[in-house]
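Structural features, examined
Given next are the chains, with one letter for each unit.
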Amino acid sequence: MLHLKSRQGCQKGVCSLIRLLPIAMLLLLAGCQQTNHKSKETTRQIPSDEKVSVFVFDEQVISRHIHHFADSESSRIEADRQTATYYKGDLKSLLWMDYMGVSVNADSLLQYLQQVEELGMSRQAFYVEEIERDLKKIRHLEIDTGENDLNLVVARLEYHLTKACLRYVYGQRFGFIRPQRIFNGLDVEKEDDHHNVLRYRGLFNMHMDRPDGDYARRVIRKIESDSIVDYLSEIQPQDRFYLQLKGMLPKASSETERQRIICNMERSRWRLQRPIPETGKRVIVNVPAFHLYAYGADTVLDMRVVCGAVATKTPLLDSQMEWMEVNPQWIIPMSIVEKDVVRHVGDTAYFARNRYQIFERATNKQLDVSEVSSEMLLSGKYRVAQQSGSGNSLGRIVFRFKNPYSVYLHYTSNPSAFRREVRAISHGCVRVERPFELAEFLLDNPDEWLLDRIRISMDLPPMTERGHKYLLAHQEETEHKQIGYVPVKPHVPLYIIYYTLWPDEHDVLQTWPDVYGYDKVILQHLKPYLP
């Protein structure tokens with residue numbers, strides 16, 4: 001049996017409720033009035049002085065209408081699928097109706113839905129007009145037959161309210177799109193001879209809040225327990241930058257500017273799980289700005305960076321800076337081996353010029369490059385490495401952090417690239433303009449001799465007397481590898497992000513180019529919600 005929620009029980013008679021709220025009589029008849037158990041509908045003739053027609057509240061008809069809406073649901077939006085799943089089940093009660101009529105929760109939800117244009121969203125995407133219209137039909141008893149049949153109106157209102165509610169809470173709490181799914185299926189990295197995709201390039205690994213499989217049910221339980229109003233307030237993004245963007249939206253001077261704001265508001269809804277440590281230290285790389293910002297308790301460090309080319313994009317991720325390597329060896333990623341190195345197999349001059357060496361992974365034995373075939377390199381049993389020191393592609397220092405893409409921050413043997421305006425030229429790693437300053441920032445109260453050991457190893461002039469004495473004593477050496485592995489303790493959070501609206505080093509909001517076309521991707525997937 002389909003029940004209506006009752007907060008106070010059904011103690012009063014039907015007649016005393018008719019003049020309180022006309023619709024209460026209609027709904028009460030289904031929940032409280034004794035009827036013939038063989039009948040599936042309840043009718044009531046309202047006295048003539050009420051001037052209202054005869055109404056029939058039929059629980060089976062309402063349930064049938066709701067099941068039809070659920071069975072007809074074809075949307076791929078998670079909130080819509082969860083709505084359909086809920087209503088395909090055994091419907092025990094209406095979520096938005098109680099024994100007094102339409103629940104006040106419906107009005108509270110509607111107040112939020114009526115403001116979706118402030119988010120850049122369409123009222124139509126949240127059924128605002130349909131909900132307003134059906135609420136009016138029920139509350140003003142503008143009911144007749146056909147499309148205005150009471151049972152159809154109640155069913156349609158119930159389904160639309162739940163669908164709109166889930167769309168809204170999913171979007172405001174987690175974001176309206178799923179960036180992991182979208183961006184990690186964007187660029188084809190490898191395909192077979194028949195152009196079947198074998199592997200997509202990984203482009204997104206942000207550890208952000210995501211809805212689990214029970215999230216929709218938890219929201220529904222909040223509706224049932226009358227706590228949905230508090231939850232609607234709780235899920236609103238409170239990030240200062242998000243609120244700034246929201247305030248800018250009504251003032252947008254063009255559709256292009258408006259779309260840019262909407263895209264960056266969506267990014268701001270993706271709530272990261274990695275907190276800022278007590279030290280306040282964190283490093284942010286904003287790809288469209290080609291800039292790195294390092295924030296400390298009383299320090300702001302900024303510098304230019306080089307990021308991945310369009311074909312080899314820098315992945316968006318969050319991690320922690322854990323250690324540095326001074327004068328590192330570059331283990332060339334398999335993707336670069338497959339694309340660039342393998343075609344030079346047998347060209348010993350190429351390997352010598354680039355200082356590339358080949359090692360067997362299992363034994364770490366170095367092989368003669370003239371004896372290595374293409375099949376061997378592609379087998380995965382061998383690695384190609386570039387010797388450390390001057391001319392190494394990583395430069396004199398690399399900053400390591402765990403990630404599934406084998407990318408890192410490092411210097412470069414080609415510093416002229418930092419003078420370019422558009423610096424999307426790397427294979428995916430991030431090259432930093434002033435690596436020693438970044439190293440000094442990451443270290444927790446380093447002593448001067450540690451810093452000098454790093455300077456000397458990077459071929460920078462020392463700052464201490466001890467450092468000068470060391471260089472005098474080792475004048476004949478061409479390279480000075482005073483130090484190699486340098487731990488970063490405590491670890492410093494790193495965020496590689498993509499915002500086309502983001503403050504510069506002076507905290508002034510700037511517009512940055514959409515170098516990877518990600519704004520267009522976001523807009524395409526936001527399309528169901530946009531005007």
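Digging into the sheet that holds strand β16 (residues 382-386)
Read from one edge to the other, the open sheet built from four strands follows the order β13-β16-β14-β15, with strand pairing classed as antiparallel. A single partner strand is all that each edge strand has here, and the edge strands are β13 (330-331) and β15 (366-367). Bridging between strand β14 (residues 356-360) and β16 involves five bridges; their strand directions are antiparallel. When the bridges of β16 are listed, Phe-359 appears paired with Arg-383.

What to know about the side chain of Glu-158
Inspection of the secondary structure puts Glu-158 in helix α7 (residues 150-174). Of the residues examined, Glu-158 reaches a relative accessible area of 0% and is grouped as buried. Separated by 2.7 Å, the side chains of Glu-158 and Tyr-87 make a polar contact. Each residue touching Glu-158, except ones within four places of it in the same chain, is listed here: Ile-66, Tyr-87, Leu-94, Leu-95, Trp-96 and Met-97.

A short note on the nonpolar core
Phe-126 and Leu-409 are the most contacted members of the largest nonpolar core, which has 148 residues in total. Considering every element that reaches this core, the biggest residue donor is α7, with 14 residues. Ignoring sequence-local partners within four residues, the contact set of Phe-126 consists of Leu-113, Val-116, Met-121, Ile-131, Ala-164, Arg-167, Tyr-168, Phe-176 and Tyr-529.

Describing the packing of aromatic side chains
Each pair of aromatic rings is reported with the distance of its centres and the angle of its planes. The final tally for this structure, using the stated rule, is 25 aromatic pairs. Pairing Tyr-87 with Tyr-159 gives two aromatic rings, centres 5.4 Å apart and planes at 45 degrees, and the pair type is tilted. With Tyr-87 in helix α4 (residues 78-88) and Tyr-159 in helix α7, this residue pair connects regions lying 72 residues apart in the sequence. Like Tyr-87, the residue Tyr-159 is buried in the burial classification. On the numbers, 6.3 Å between centres and 80 degrees between planes, the contact of Phe-351 with Tyr-356 is edge-to-face. Take Phe-351 and Tyr-356: they sit in the same class, and that class is buried. Among the aromatic side chains, those forming a connected cluster through ring pairs are Phe-183, Phe-204, Trp-270, Tyr-498, Tyr-516 and Tyr-518. One Lys or Arg, Lys-281, reaches over the ring of Phe-441 and ends 5.1 Å from the middle of that ring.

Considering helix α9 (residues 215-224)
Every buried residue belonging to α9 is among Tyr-215, Ala-216, Val-219, Ile-220 and Ile-223, and all of these are buried. End-on view of α9: buried residues confined to an arc of 140 degrees, all on one side of the axis.

Focus: the pattern of salt bridges
Taken as a whole and assessed by the stated rule, the structure comprises 26 salt bridges. Glu-132 is paired through a salt bridge with Arg-123; the nearest N and O atoms lie 3.4 Å apart. Exposure remark for Glu-132: the relative accessible area of 26% places this residue in the partly exposed category. Arg-123 sits in the buried class, given a relative accessible area of 17%. For Glu-433, the salt bridge identified is with Arg-434, shortest N-O distance 3.6 Å. Overall, Glu-433 belongs to the partly exposed group, its relative accessible area being 27%.

Quick word on helix α6 (residues 128-139)
Across its twelve residues, α6 extends 16 Å between first and last C-alpha, which sits within 8% of the 16 Å expected from 1.5 Å per residue. Listed as buried for α6 are Val-128, Ile-131, Asp-134, Leu-135, Lys-137 and Ile-138. Just past α6, the residue Leu-141 takes up positive phi, approximately 55 degrees.

Some words on the environment of Lys-365
Mapped onto the fold, Lys-365 is located in the loop between β14 and β15. Along the chain, Lys-365 and Tyr-382 lie 17 residues apart, while their C-alpha atoms are 9.6 Å from each other. With sequence-adjacent residues up to four places away left out, Lys-365 is seen in contact with Ile-358, Phe-359 and Glu-360.

Considering the confidence of the model for the protein chain
Averaged over every residue, the pLDDT of the protein chain is 88; residues scoring 70 or more account for 89%. When the criterion is pLDDT under 50, residues 6-54 qualifies, and its contacts beyond four places in sequence or with other chains add up to 70 contacts.

Basis of the calculations
Residues numbered from 1 in each chain as written. Predicted model: local features only at pLDDT ≥ 70, side-chain atom pairs only at ≥ 80, totals over all residues. Heavy atoms only, no water. Pairing = 2+ DSSP bridges. Helix = DSSP H or I, 4+ residues; strand = E, 2+ residues; numbered from the N terminus. Buried < 20%, exposed > 50% of the residue type's maximum accessible area, 1.4 Å probe, protein only. Polar contact = N/O pair within 3.5 Å; in protein donor to acceptor, adjacent residues only side chain to side chain. Contact = heavy atoms within 4.5 Å. Core = buried A, V, L, I, M, F, W, Y, C linked by side-chain atoms within 4.5 Å. Phe/Tyr/Trp six-rings, centres within 6.5 Å; stacked < 30°, edge-to-face > 60°. Lys NZ or Arg CZ within 6 Å of the ring centre and 35° of its normal. Arc of directions from axis to C-beta. Salt bridge = Lys/Arg side-chain N within 4 Å of Asp/Glu carboxyl O. Expected span 1.5 Å × (residues − 1). pLDDT = per-residue confidence, 0-100.

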